[in-house]
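This is what each chain is made of:
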Amino acid sequence: MSGLWCVALGYGRKELIDAAHRQMTELPYYNSFFQSSTPPAIELARILAEVTPPQFNQVFYTGSGSEANDTMLRLVRRYWQLLEQPHRNVIVSRWNGYHGSTVAGASLGGMKPMHEQLGPDGVLPGIVHINQPYWFGEGGDMTPAEFGLARARELEQKIEEIGPERVAAFIGEPVQGAGGLVIPPDTYWPEIQRIVDKYGILFVSDEVICGFGRTGQWFGCEHYGTRPDFLTMAKALSSGYLPIGGLMVSDRVSRVLVEKGGEFFHGFTYSGHPAACAVAVANLEIFRREHIVERVRTDLAPYLATRWRDLAAHPLVGEARCVGLLAAIELVPDKSSRRFFEPRGEVGMKMRETCTRNGLVMRATRDTLFIAPPLVISHAEIDELLSKVVRSLDETTVWARAEGWL
Ligand code: PXG
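Thresholds, definitions, all that
- Counting restarts for each chain: residues are numbered from 1 in the order of the written sequence.
- Under the rules for a predicted model, residues below a pLDDT of 70 receive no local features and side-chain atom pairs below 80 are neither given nor counted, while totals for whole chains, interfaces and linings still include all residues.
- Any two strands are treated as partners once DSSP identifies two or more bridges connecting them.
- Secondary structure counts use DSSP, requiring at least four H or I residues in a row for a helix and at least two E residues in a row for a strand, with both numbered from the N terminus.
- The axes are straight lines fitted to the C-alpha atoms, using for helices just the contacting stretch, and the angles between their N-to-C directions are given from 0 to 180°.
- Here contacts are defined at the residue level, using C-beta atoms placed from the backbone and a cut-off of 7 Å between them.
- Only the C-beta atom, placed from the backbone, is used; a residue is near a molecule or strand if that atom lies within 6 Å of it.
- Only Asp, Glu, Lys and Arg are considered charged, only Ala, Val, Leu, Ile, Met, Phe, Trp, Tyr, Cys and Pro nonpolar, and every remaining residue, Gly among them, polar.
- We define a nonpolar core as a collection of buried residues of the types Ala, Val, Leu, Ile, Met, Phe, Trp, Tyr and Cys that are connected via C-beta atoms lying within 7 Å of each other.
- Residues with at least 20 neighbouring C-beta atoms inside 10 Å of their own are called buried, those with 12 or fewer are called exposed, and the rest are partly exposed, where every C-beta is derived from the backbone.
- For the domains described, the bounds stem from an automatic or database domain assignment.

Q: What exactly am I supposed to notice about the sheet that holds strand 9 (residues 326-331) here?
A: Across a sheet, strands are paired by hydrogen bonds formed along the backbone, either parallel or antiparallel in direction. Overall, antiparallel pairing links the 4 strands, which are arranged 8-9-11-10 in an open sheet. Every other strand in the sheet has two partners, leaving strand 8 (317-323) and strand 10 (363-365) as the edge strands with one partner each. Sheet twist, expressed as the mean angle between neighbouring strand axes with direction ignored, is 20 degrees. Where strand 9 and strand 11 (residues 368-371) come together, 4 bridges link them in antiparallel fashion. Each residue of the ladder has a partner; that of A327, found in strand 11, is I371.

See the structure below:
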């Protein structure tokens with residue numbers, strides 16, 4: 001799982017450790033307020049403007065992905081306020097999406113158990129959710145292509161229901177991670193892009209998991225061909241060696257903020273922390289030098305995909321899906337239907353435990369099991385990973401038969 005979807009370059013990267021040490025020796029901290037900055041923060045901004053899609057040339061630093069999404073919410077509201085449309089304040093998100101653990105992050109996310117814990121007022125006002133593009137679980141009789149379109153069009157229905165003049169933005173993960181590795185049908189993102197264009201609303205790509213090569217492109221939005229106005233990131237930005245997140249702001253938005261807005265009263269003590277930025281710079285230098293993203297796209301992802309899809313033949317597996325170095329299997333009682341185990345999650349938990357015993361870290365969301373290996377995994381390690389998945393599936397099947405699940 002690359003730790004928690006973040007250790008993209010793997011453990012033991014001396015260059016990253018040295019970068020932190022060097023920077024902490026030279027200048028462990030200075031703030032990013034009052035027109036100040038530090039060399040690593042400036043250098044990182046320069047690199048980020050290069051590696052992100054062309055509309056992005058400005059970054060706000062944060063300490064995490066949650067803070068990046070929280071900041072995005074403030075900037076979206078400020079943008080429409082400056083354009084004298086302050087009533088445009090509704091953000092549309094998706095059920096079962098994950099956008100973090102702050103109040104804004106949990107509200108933007110679509111995890112109902114998290115919403116319930118927000119107390120009597122629930123999610124922040126002005127945040128609404130539409131259904132997710134999870135074909136295996138919710139596609140019914142539709143083909144994936146039909147279902148992708150239908151789920152994307154829920155955005156249009158929601159906009160019409162709220163009133164187009166009130167909708168500020170739409171946020172989504174290119175591939176939902178924590179929600180169970182939901183890879184949308186190919187028809188989904190183009191239709192979402194058509195709708196956000198039609199209504200002129202801002203589009204936020206939450207790239208906290210998909211960013212930095214995970215899908216085989218630098219960013220998930222490039223894999224799916226969308227053109228976001230904000231791009232939030234964290235995790236692989238520093239390969240997890242030090243905490244850092246950020247928010248790319250497109251020229252469309254920054255022009256308004258800069259020209260009309262004056263100072264935006266925002267920032268965290270640790271925004272652009274020099275040591276974290278120095279590590280991120282070293283991390284992205286390695287990405288470029290070792291052609292990490294290209295290698296995922298042209299070599300590792302295709303190698304994983306052919307082997308991963310073979311898992312669909314296993315009696316316990318209802319679907320084996322993957323994109324880039326993200327891959328999931330659905331455990332089901334009956335391969336001929338897309339019905340789940342009842343109650344859900346127990347077989348998945350058993351599979352997870354079995355994997356751990358067999359030396360494989362796999363994440364389970366209910367009965368969906370998934371991996372997000374480091375982007376430097378070798379072919380031999382992919383082979384080893386697959387043989388451990390198969391062995392764990394076989395052992396879980398034996399257990400499930402004995403326990404009456406099958
Ligand atoms: N957006 C996405 C898409 C994420 O995956 C965040 C925002 C929040 O980032 P921070 O850095 O504030 O955690 C995340 C984080 C899981 C799991 O269960 C995933 C995350 C965090 C905790 C657990 O897979 N992703």
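After that view, the rundown keeps rolling.
Q: Just to check I follow, could you spell out the sheet that holds strand 5 (residues 202-206) for this structure?
A: Pairing is mixed in the open sheet, where 7 strands are placed in the order 1-7-6-5-4-2-3. Every interior strand has two partners, whereas the edge strands, strand 1 (56-62) and strand 3 (127-130), have only one. Direction aside, the axes of adjacent strands within the sheet are offset by 25 degrees on average. The pairing of strand 6 (residues 230-233) with strand 7 (residues 245-250) spans 4 bridges and is classified as antiparallel. Paired with F230 across the strands is V249, a residue of strand 7. Along the sheet face, helix 4 (residues 65-82) touches strand 1, strand 2 (90-94), strand 4 (167-172), strand 5, strand 6 and strand 7 and points at about 25 degrees away from the line of strand 7.

Q: What exactly am I supposed to notice about the site of the ligand here?
A: The environment of the ligand is formed by 19 residues, the closest being S64, G65, S66, G100 and V208. With 3 residues, the top contributor of residues to the shell around the ligand is helix 4. Per-class residue counts for the shell around the ligand are 6 nonpolar, 10 polar and 3 charged.

Q: When you look at the nonpolar core in this model, what are you seeing that I'm missing?
A: Generally speaking, a soluble globular protein has its nonpolar side chains buried in company with each other. If you look at the biggest cluster of nonpolar residues, it comprises 118 residues, and the most contacted ones within it are V76, I91, A169 and V279. Among the elements that take part in this core, helix 12 (residues 274-289) stands out by supplying 10 residues, more than any other. Mapping this core onto the domain boundaries places at least three of its residues in each of domain 1 (2-289) and domain 2 (292-402). Excluding residues that lie within four positions of it along the chain, I91 makes contacts with L73, V76, L108, G126, I127, A168, A169 and I171.

Q: What is the right way to read the environment of P164 from this model?
A: Relative to the helices and strands, P164 resides in the loop between helix 8 (144-162) and strand 4. As a C-alpha pair, P164 and Q193 span 29 residues in sequence and 15 Å in three-dimensional space. Other than its neighbours up to four places away in sequence, P164 contacts I159 and Y199.

Q: Sorry if this is basic, but what is going on with the environment of E285 here?
A: Residue position: E285 is located in helix 12. For E285, a count of 15 C-beta atoms within 10 Å gives the class partly exposed. Considered as a pair, E285 and E15 are 270 residues apart in the sequence and their alpha carbons are 10.0 Å apart.

Q: Quick question: what am I supposed to make of the domain arrangement of the protein here?
A: A common way to state how big an interface is: give the accessible area lost once the parts meet. What the domain assignment lists for the protein is domain 1 (2-289) and domain 2 (292-402). Spacing between the C-alpha centres of domain 1 and domain 2 amounts to 27 Å. In this complex, domain 1 contributes 19 residues to the contact, which on the side of domain 2 involves 24 residues. Of the residues belonging to the side of domain 1 that touches domain 2, the class tally is 10 nonpolar, 8 polar and 1 charged.

Q: Hey, could you run me through unusual backbone geometry in this one?
A: A negative phi angle is the norm for most residues apart from glycine, just as the trans form is the norm for most peptide bonds. Cis geometry marks the peptide bond from E342 to P343; its omega dihedral reads -10 degrees. Looking at where P343 falls in the secondary structure, it is placed in the loop between strand 9 and helix 14 (346-357). You will see that W5, though not glycine, has its phi angle at about 70 degrees, which is positive. Turning to its location among the elements, W5 is positioned in helix 1 (residues 2-5).

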